[in-house]
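# Inside the fold
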Amino acid sequence: MSHGIKINKEACKGCVNCIKTCPTEAMRVIDGKVRIMEERCIGCGECLRSCRHRALSLKENDWDFLSSKRSLAVVVDPALCFQFPWRPYPDVLSQVLRNMGFDPIFKDAALAFDLTALAEARLLDGNSDKRGPMISTYCPAVVRLIQMKFQELIKNLSPVENPLEICIDLWRAKHVKHNVPAALVAPCPARVAMVEDPVGRDASSADYVISVTRMAREILTNSRSVEHLEDSARGSNSRWVRWASLGGETAHIKEFAEKPVRSLTVSGMRNVIDLFQELELGRLKGIDFIEARACNFGCIGGIANVESRFIAHQKLKMLASSAPTDEEKLLLDELYETGIWKLQEEIMPVEQAPLGMDLAKAMEKLEELHSVYAELPHLDCGTCGRPTCRVMAEDIVKGSGSIEDCIFRVRERIAELSEEIHVLSKKLIHTMTPEGENEDKRDM
Amino acid sequence: MSAREPLIVQREVKPLDFLAAGETASEFKELLKSLGIPTDICRRASIVTYEAEMNTVIHGGGGVMSLRLEDDAIIIVAEDQGPGIADLEKAMQEGYSTAPDFVREMGFGAGMGLPNIKKYSDKLEIDTRVGEGTTLRAYIFIKGQREE
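Described below are features of the structure shown in this document. Note that this is a predicted model, so its numbers are computed, not measured. (Residues numbered from 1 in each chain as written. Chains lettered and ligands numbered in written order. Predicted model: local features only at pLDDT ≥ 70, side-chain atom pairs only at ≥ 80, totals over all residues. Heavy atoms only, no water.)

### Topic: a nonpolar patch on the surface
A cluster of nonpolar side chains, A:Leu428, A:Ile429 and A:Met432, forms an exposed patch at the surface whose accessible area comes to about 290 Å². Inspection of the secondary structure puts A:Met432 in the loop between helix H15 (407–426) and helix H16 (439–443). (Patch = residues over 30% accessible without salt bridge, like charges linked within 9 Å, V, L, I, M, F, W, Y side chains within 5 Å. Areas by Shrake-Rupley, 256 points an atom, 1.4 Å probe, with all protein chains shown as cover. Salt bridge = Lys/Arg side-chain N within 4 Å of Asp/Glu carboxyl O. Helix = DSSP H or I, 4+ residues; strand = E, 2+ residues; numbered from the N terminus.)

### Points about helix H2 (residues 39–58) of chain B
Counted at 1.5 Å a residue, the expected span for H2(B) with its 20 residues is 28 Å, and the 28 Å between its end C-alpha atoms agrees. The buried fraction of H2(B) amounts to 18 of the 20 residues, a majority that puts the element mostly inside the structure. (Expected span 1.5 Å × (residues − 1). Buried < 20%, exposed > 50% of the residue type's maximum accessible area, 1.4 Å probe, protein only.)

### Topic: the nonpolar core
Residue and element names in this part refer to chain A. Leu80, Leu93 and Met215 are the most contacted members of the largest nonpolar core, which totals 95 residues. Top element by residues in this core is helix H4 (residues 107–125). It accounts for 11 residues. The residues that make up this core include at least three from each of domain 1 (5–56) and domain 2 (63–338). In this structure leucine 80 touches Leu93, Val185, Val212, Met215, Ala216 and Ile219, once residues within four positions along its chain are discounted. (Core = buried A, V, L, I, M, F, W, Y, C linked by side-chain atoms within 4.5 Å. Domains from an automatic or database assignment. Contact = heavy atoms within 4.5 Å.)

### With respect to the packing of helix H13 (residues 359–375) of chain A against helix H14 (residues 389–397) of chain A
Residues and elements named next belong to chain A. Where H13 contacts H14, the two axes come as close as 9 Å, and the packing angle between them is 130 degrees. As far as their axial angle goes, H14 and H13 are oblique. In the crossing of H13 with H14, the sense of the turn from one axis to the other is right-handed. Taken together, the residues of H14 that come into contact with H13 (itself represented by Lys365, Glu368, Leu369, His370, Val372 and Tyr373) are Cys389, Arg390, Ala393, Glu394, Ile396 and Val397. Along the lines of polarity and charge, the residues of the contact of H13 with H14 split into 7 nonpolar, 1 polar and 4 charged. (Axes fitted to C-alpha atoms, helices over the stretch in contact; angles between N-to-C directions. Parallel < 35°, antiparallel > 145°, perpendicular 65-115°, else oblique. Left-handed = near helix turned anticlockwise from the far one by under 90°. Nonpolar A, V, L, I, M, F, W, Y, C, P; charged D, E, K, R; others polar.)

### A closer look at the interface of chain B and chain A
At the junction of the two partners, chain B supplies 22 residues and chain A supplies 18 residues. Roughly 1700 Å² of surface becomes buried between chain B and chain A when both sides are summed, with 61% attributable to carbon and sulfur atoms. Interface area lost by chain B to chain A is led by B:Leu35, B:Thr39 and B:Arg43, which between them contribute 27%. Here A:Glu280 and B:Lys29 are joined by a salt bridge, their closest N and O atoms 2.3 Å apart. Between the two partners, chain B and chain A, sit 8 residue pairs in polar contact (both at pLDDT 80 or more). At the level of elements, strand E1 (7–13), helix H1 (18–34) and H2 of chain B are the ones that each hand at least two residues to the side of chain B that touches chain A. (Buried area = accessible area lost by both parts, 1.4 Å probe. Polar contact = N/O pair within 3.5 Å; in protein donor to acceptor, adjacent residues only side chain to side chain.)

### Here's the deal with the sheet that holds strand E2 (residues 63–69) of chain B
Residues and elements named next belong to chain B. Spatial strand order, E1-E2-E3-E5-E4: 5 strands in an open sheet with antiparallel pairing. This sheet does not close on itself; its edge strands, each paired only once, are E1 and strand E4 (123–129). Shown here is a sheet whose adjacent strand axes are inclined to one another by a mean of 10 degrees, direction ignored. Pairing between E2 and strand E3 (residues 73–80): 7 bridges, direction antiparallel. Residue pairing for E3: glycine 63 is matched across the bridge by aspartate 80. Set on the sheet, H1 makes contact with E1, E2 and E3; between it and E1 the angle comes to about 175 degrees. Sheet strands touched by H2: E1, E2, E3 and strand E5 (133–141). Its angle to E3, the strand with the most contacts, is close to 10 degrees. (Pairing = 2+ DSSP bridges.)

### Topic: the packing of aromatic side chains
By convention here, two paired aromatic rings are described through the distance between centres and the angle between planes. Residue and element names in this part refer to chain A. Counted according to the given criterion, the structure contains 11 aromatic pairs over all chains. Both rings, one in phenylalanine 113 and one in tyrosine 138, keep their centres 5.9 Å apart while their planes meet at 70 degrees; by these two values the pair is edge-to-face. Taken together, the residues span a long stretch of sequence, with phenylalanine 113 in helix H4 and tyrosine 138 in the loop between strand E7 (134–135) and helix H5 (140–149) at a distance of 25 residues. The buried category is assigned to tyrosine 138, whose relative accessible area is 2%. Where phenylalanine 113 meets tryptophan 240, the ring centres are 5.6 Å apart and the plane angle is 45 degrees; that geometry is what we call tilted. You can see phenylalanine 113 sitting in helix H4 and its partner tryptophan 240 sitting in the loop between helix H8 (212–222) and helix H9 (248–256), a full 127 residues away along the chain. (Phe/Tyr/Trp six-rings, centres within 6.5 Å; stacked < 30°, edge-to-face > 60°.)

### Section: the pairing of strand E10 (residues 263–267) of chain A
The side chains of a regular strand alternate, residue by residue, between the two faces of the sheet. All names here are of chain A. Two strands pair when backbone bridges link them, and E10 and strand E11 (residues 289–293) are joined in this way by 5 bridges, in the parallel orientation. Pairing of serine 267 across the sheet is with arginine 293, part of E11. As a crossover connection, the stretch from E10 through helix H10 (residues 269–280) into E11 is right-handed. (Right-handed = clockwise from strand over helix to strand, strands pointing away.)

Here you go:
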């Protein structure tokens, strides 16, 4: 599984700050450098937030390579609209991108987000309480978290494709531009991973990835004046832009749903994990839809954004979106019937390898794990390159680590050894005279 | 009869510590997953653990939760030295609860604990003596998949 994170080995000091923030314990420091375990990483970006040495960044394509392409379609995560000094209406950004020589996929994006919201609304209208709440699949980190840690909730994931994929599909179908490559502008590693290794479909429709950071920088240096550009509610449909902020998807779904939707919105890894734990215990009742986002405030809180999430959140209030017109609704109905919004493949659990081949072996290993753990200091200091003593014990019984990786254990060993040396140094060979003893005595 | 089967893990339960209950449940779940137990069984074990621990927290005045393993079953054991259950038949009914008001105000004590444990386990043994305590043993069979 790809994780969308690039490690700059020169910059990495091996300081173990990042490995302790990882919610899935997917990071280790080995040979002085950080390493990410692909099979465990969900791309949430928490490690990027904690790195003070700028050793971690989004794995994006080279800007010069992309801008040298003859034609390149660009689809943007709604979060990009909030990065600039102008109001977050998509028309401005679309014009700016066009001026830079890109082919912006904006009309189809507006359509795709409408379609996703409509499809989710219809699913919710037909949902019964028994199935439990439907969980949004818009945040790829949340989807991966469920695949990895909350497999019992996979059946609750909405079987609807990500609108950022749908819009490229729509655009390609409409313009017969199969050979024009498309780049996605991503605010977080999970969106990068979505392109590199998508869940629920064979391959992503996007070919390249650009971080919001890079794209925003290029736009800000390239387009000094946007005053002549239209930035008002009169322009094209801006409902999709609201998805950048927590609650945007839910609000959009409610516009299409016929039955009332009892929704819960939650953001931030800690909150999302707690919520899913309670869901698995069956403690949450009477909820139809859960909008969960790995980042606080939603995608505007993604690590690769340039604008502060608080200001971005404020900007959302400048956005006045109109309800879909009858004409738009008709078109959406047609698209709904084509089924283009459906997730192509079933989402499968990502199983972690058990401790042993069979139950008896696994039990043996678990006992070993407990006894190794008992010998560790339980300080979770991270000096061994692992986030906790518990993970250290796990790594040891799985054969990737030794007890001497623990500096506390090594210190104890040194103390034991020096004690032994001390005792040894006091031992005498029988030809020598013990100190303080009288020679006369010996003669007797 | 408490210590026959191999122990996987044991946790002490403090009285009225509501927050810890979810933690034990997810710890037991992760442990079973690492043993390669199917996820559906892990989830049922997690629910049973949670409900049993809540009972120990609310009624039992704290106690000990343990996760044990037999050839074909996992066993969740909750032991306490609390007041015991006076009317077990009633306690097994949905909605029957003797939880104090302040517990109910916190959203717990809805009288679903024991019924839920029965629902999610395959075999349930409760040994209770008024004034002495309660030992609950919930079995979930690993083989012979069962539909809920």
